[in-house]
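# Examination of the molecular architecture
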Amino acid sequence: MASKRKVQEVNAGSMADIAFLLLIFFLVATTMNVDTGLQRVLPPIAENPDTEVDIKQRNIMLVFVNRFNQINAGGEVIDITQLKDKAKDFILNVYDDENLPEKEMQEIEGYGQYPVSQGVISLQNDRGTSYDTYIQVQNELTRAVNEIRDEVSMAKWGKKFLDLPEDQRQIITKAVPSKISEAEPRNIEGGR
């Protein structure tokens, strides 16, 4: 005679509790990726929007990105790897070139006299520009300003811009403002 063993039943009453505890554990222990955008400080609302601001041509560097993701900066087609240095040269105008932006000596509280660039970088994209190229161009222009801020803060306080306390960062921001203007996208022909 063969003996038959009874299969014991599993008590499933606590399975729901265990599944709930595991769910809570994974919700608490898991990190979520947070989408981040470009950090930009928007200009204040214009008090009189119909008033046009007159900027000398030498104080504007035009940057165009066409639908083929070609970059034209300051009248010449360049590679993305050249954009940061071109923007830095434009903003700094080390040799006081009359074709590059003017500098205005300003008394900056906590720093002293500093030649503040009057340069504005005007960026315009084609409607067909890839988002990746758009972000790369934005990053390179921001990197140019950040490198200049690092150089100025290293010369004054021996620390990089982000390592400075907030009050000193505000001083450097007044000396090296980020003047990047972005025009509404349009259809840009060729390499412009």
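Described below are features of the structure shown in this document. Counting starts from 1 at the beginning of each chain's written sequence and moves along it residue by residue. Note on the predicted model: pLDDT of at least 70 is required for a residue's local features to be given, and 80 or more for side-chain atom pairs to be given and counted; whole-chain, interface and lining totals, by contrast, use all residues. The side-chain quantities take in all heavy atoms of the structure and omit both hydrogens and water.

### Examining the packing of aromatic side chains
Within 6.5 Å between ring centres, the rings of Phe, Tyr and Trp (the latter by its six-membered ring) count as paired, and their orientation is classed by plane angle as stacked under 30 degrees, edge-to-face over 60, tilted in between. Considering all chains together, one arrives at four aromatic pairs under this definition. When the centroid spacing of 6.3 Å and the interplanar angle of 80° are considered together, the rings of tyrosine 111 and tryptophan 157 count as edge-to-face. Of this pair, tyrosine 111 sits in the loop between strand S4 (103-108) and strand S5 (112-117) while tryptophan 157 sits in helix H3 (residues 131-157), placing them 46 residues apart in sequence. In textbook terms, an aromatic cluster arises when at least three aromatic residues are bridged by ring pairs, as seen for Tyr111, Tyr114 and Trp157. Charges are assigned to positions over rings by a cutoff of 6 Å between ring centre and Lys NZ or Arg CZ, combined with an angular limit of 35 degrees from the ring normal. Sitting above the plane of the phenylalanine 161 ring, arginine 149 keeps its charged end 5.4 Å from the centroid. Secondary structure counts use DSSP, requiring at least four H or I residues in a row for a helix and at least two E residues in a row for a strand, with both numbered from the N terminus.

### Digging into the pattern of salt bridges
For salt bridges, the criterion is a side-chain nitrogen of Lys or Arg within 4 Å of an Asp or Glu carboxyl oxygen. Applying the stated rule across the entire model yields ten salt bridges. A salt bridge links lysine 103 to aspartate 96; the shortest N-O distance between them is 3.1 Å. Relative accessible area serves as the criterion here: at 31%, lysine 103 is assigned to the partly exposed category. Measuring nitrogen to oxygen at the nearest pair gives 3.3 Å for the salt bridge that ties glutamate 166 to arginine 169. In this pair, glutamate 166 and arginine 169 both sit in helix H4 (residues 166-175), three residues apart, roughly one turn of the helix. For every residue, the accessible area obtained with a 1.4 Å probe (protein chains only) is divided by the maximum for its type, and the residue is called buried under 20%, exposed over 50%, and partly exposed between those limits. Judged by its relative accessible area of 24%, arginine 169 falls in the partly exposed class.

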